[in-house]
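Structural features, examined
Spelled out from the first residue to the last, the chains are:
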Amino acid sequence: MKTYDTIIIGGGLAGLTAAIHLTQNNHRVLVFEKQEYPHHKVCGEYVSNEIVPYLNTLGISLSDAVAIDTLQFSTVQGNTITTKLPLGGIGISRYALDFSLYTRALKLDVTFIFEGVNSVDFTNNIFHVKTDSGRVFTSKTTIGAFGKRSNMDKHLNRSFMNKKSSWLGVKAHYQLPDFPEHLVALHNFKGGYGGLSKTETGAVNFCYLTNYKSFKDSKGITNFNARVVSENPFLRSFLEDAIPIFDQPLSIAQISFEKKEAVENHMLMCGDSAGLIHPLCGNGMAMAIHSAKIASELLVVYLNSPTPNRKLLEVDYKNKWNKAFKHRLWIGRKLQWLLLHNNLSNIAMKIVAKSPKLLQLLIKQTHGKPIVC
Ligand SMILES: Cc1cc2nc3c(=O)[nH]c(=O)nc-3n(C[C@H](O)[C@H](O)[C@H](O)COP(=O)(O)OP(=O)(O)OC[C@H]3O[C@@H](n4cnc5c(N)ncnc54)[C@H](O)[C@@H]3O)c2cc1C
């Protein structure tokens, strides 16, 4: 049986990015992914420009994506503020983005197995990765890129799995030709907020995050949209005018924003597996891709070394991960707390309305600088 240089568990943005980066550096990579491509995912689909140059070096063209440079924000009552985004971003569906990374990885001869992984055993400096059907594959290094919540988190006994998480995500695409291309809108409602932006198909993505407390009295998403989401006048007019494209919205439950470890059982954790930033920051995808870059660069050094030092690899990864993301996650937590307190968010709104520079500074705090390749 051949031992791979790296096994990657999870073929979302983080896993696919690492697979391409490592293969471009001549390493043999095996990716396990539970779902065939292409597929839709619950996500706001606004990608910060900070990772565009890096994706280009991986051979990913984003020319079909929509350029976005303006943020509109509204409170539950519909008070708004509009500002230029300091760095800007693009609108692209996860259906298209993940699929373009997947096809690039296939071209580079990355091996894919469409099966879930249920356990990883690290013995004698080798990873033994076991799939749902009981097959075992081995590797010198392993990346955990299995997203927000996975059976792997349970297997690793990660502490956030013991805490009940009260967040729910809902997403669907709509037709609304008049929606401006250059805009990402963030609209508040009681117990949550929703983002609107265009994707490469011309469809408008509407994705929201809400807590169960707000959702629980509604009988399903349609009722919740009418009863709670539509209290915000912008969202009410969107839901009245827009034509749904999906048969049913997609939803995910138990979204956790608890702290996680960047290294578990000697695996380097990338993307949401290492920590999820609050979606209002619009930066989770960029962080997933950036963390995969950091892990891949360290793995290339480790795999090419005549005397690889695993301890050093793990310490370096933890330090670099913290340096790149810890502050952003902290600011994201504070902003979400503020946003979901109706009175406080109205006061904050009045303050930032007088100083758009302050709002831009806050946005900068949740984003990185463009990644130097
Ligand atoms: C409501 C909401 C809105 C958001 N909006 C935005 C936004 O507008 N902009 C932004 O930048 N970010 C946004 N995010 C965050 C963004 O979606 C994530 O940060 C990003 O998807 C992380 O990518 P990932 O590769 O870590 O995980 P994922 O894309 O979730 O990929 C993980 C993959 O692992 C696979 N997997 C899981 N377990 C196993 C297993 N045991 N074996 C094999 N495969 C497995 C899954 O099938 C999945 O494909 C949002 C998040 C939420 C919840």
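Before reading further, recall that the structure is shown in the block above.
Remember, it's a predicted structure, so these values are computed and weren't measured experimentally.

The next thing to look at is the nonpolar core. Counting residues in each nonpolar core, the largest one holds 95 residues, and the members touching the most others are I9, I143 and Y317. The dominant element in this core, judged by the number of residues it contributes, is helix 8 (residues 284-304), at 13 residues. Residues in contact with I143, not counting those within four places in the same chain, are T6, I7, I8, I9, A18, L22, L268, C270, A295 and L299. Residues L176, V204, F215 and I221 belong to the second largest nonpolar core, which totals 22 residues.

Turning next to the packing of aromatic side chains. All told, the structure shown has 19 aromatic pairs when counted by the stated rule. Aromatic side chains F99 and Y102 sit 6.2 Å apart centroid to centroid with 40° between the ring planes, which places their arrangement in the tilted category. Of the two residues, F99 and Y102 are both situated in helix 3 (residues 94-107); the distance of three residues between them amounts to about one turn of the helix. Accessibility expressed as a relative area gives 12% for Y102, which makes it buried. Three or more aromatic residues link up through ring pairs in this structure, and these residues are Y174, F189, F206, Y208, F215, F224 and F238.

Now for the layout of surface pockets. What the second largest pocket holds in volume is close to 640 Å³. Taken together, 25 residues line the second largest pocket, and the ones lying closest to its centre are H290, R328, H367, G368 and K369. The dominant element in the lining of the second largest pocket, judged by the number of residues it contributes, is helix 9 (residues 310-339), at six residues. By residue class, the composition of the lining of the second largest pocket is 11 nonpolar, seven polar and seven charged.

This next bit is on the pairing of strand 1 (residues 3-9). Taken across its seven residues, strand 1 has six buried, putting it largely inside the fold. The sheet contact formed by strand 1 and strand 9 (residues 136-144) spans six bridges and is parallel. Pairing of T6 across the sheet is with T141, part of strand 9. Crossover strand 1 to strand 2 (residues 29-32) through helix 1 (residues 13-24) is right-handed.

On inspection of all chains with the given rule, the structure shows two cavities of 30 Å³ or more. The volume enclosed by the largest cavity comes to roughly 50 Å³. What lines the largest cavity is simply G271, D272, A274, G275, L276, I277, G284, M287, A288, S291, W321 and F325. Mapped by element, the contributors of at least two residues to the lining of the largest cavity are helix 8 and helix 9. Counted by class, the lining of the largest cavity contains seven nonpolar, four polar and one charged residues. Counted as a void, the second largest cavity has a volume near 40 Å³. Only strand 10 (167-175), strand 13 (204-211) and helix 6 (221-227) provide two or more residues apiece to the lining of the second largest cavity. Residue contributions to the lining of the second largest cavity peak at four residues, all from strand 10.

This part is about the pattern of salt bridges. Considering all chains together, one arrives at 13 salt bridges under this definition. Put simply, R94 and D98 hold a salt bridge, and the shortest N to O gap is 2.8 Å. In this pair, R94 and D98 both sit in helix 3, four residues apart, roughly one turn of the helix. For the residue pair R94 and D98, the accessibility class agrees, reading buried in each case.

Let us now look at the packing of helix 1 against helix 3. Helix-helix packing is described using two parameters, namely the angle between the two axes and the distance between the axes. Closest axis-to-axis distance for the helix 1/helix 3 pair is 9 Å, and the angle between their directions is 25°. In this view, helix 1 runs roughly parallel relative to helix 3, as classed from their interaxial angle. Of the two possible hands of crossing, helix 1 and helix 3 adopt the one that is left-handed. Packed against helix 1, whose contacting residues are L13, L16, T17, I20 and Q24, the element helix 3 presents R94, L97, D98, L101, Y102, R104 and A105 at the interface.

With that settled, consider the site of the ligand. What surrounds the ligand is a group of 34 residues, the closest being E33, G44, Y46, R94 and D272. A distance of 2.7 Å separates an oxygen atom of the ligand from a polar side-chain atom of E33. Measuring from an oxygen atom of the ligand, one finds a backbone N or O atom of E45 at 3.3 Å. Coverage of the ligand by the protein chains reaches 95% of its 1,000 Å² of free accessible surface. For the shell around the ligand, the elements supplying multiple residues, two or more each, are helix 1, helix 4 (151-155) and helix 8. With three residues, the single largest contributor to the shell around the ligand is helix 8. For the shell around the ligand, a count of residues per class yields 16 nonpolar, 11 polar and seven charged.

Definitions and limits used
Residues numbered from 1 in each chain as written. Predicted model: local features only at pLDDT ≥ 70, side-chain atom pairs only at ≥ 80, totals over all residues. Heavy atoms only, no water. Core = buried A, V, L, I, M, F, W, Y, C linked by side-chain atoms within 4.5 Å. Buried < 20%, exposed > 50% of the residue type's maximum accessible area, 1.4 Å probe, protein only. Helix = DSSP H or I, 4+ residues; strand = E, 2+ residues; numbered from the N terminus. Contact = heavy atoms within 4.5 Å. Phe/Tyr/Trp six-rings, centres within 6.5 Å; stacked < 30°, edge-to-face > 60°. 1 Å grid on protein atoms, 1.4 Å probe; cavity = no way out; pocket = protein on both sides within 12 Å on 5 of 7 lines; lining within 4 Å. Points joined across faces, edges and corners; volume = space filled by probe spheres on them. Nonpolar A, V, L, I, M, F, W, Y, C, P; charged D, E, K, R; others polar. Pairing = 2+ DSSP bridges. Right-handed = clockwise from strand over helix to strand, strands pointing away. Salt bridge = Lys/Arg side-chain N within 4 Å of Asp/Glu carboxyl O. Axes fitted to C-alpha atoms, helices over the stretch in contact; angles between N-to-C directions. Parallel < 35°, antiparallel > 145°, perpendicular 65-115°, else oblique. Left-handed = near helix turned anticlockwise from the far one by under 90°. Near = heavy atom within 4 Å. Polar contact = N/O pair within 3.5 Å; in protein donor to acceptor, adjacent residues only side chain to side chain. Areas by Shrake-Rupley, 256 points an atom, 1.4 Å probe, with all protein chains shown as cover.

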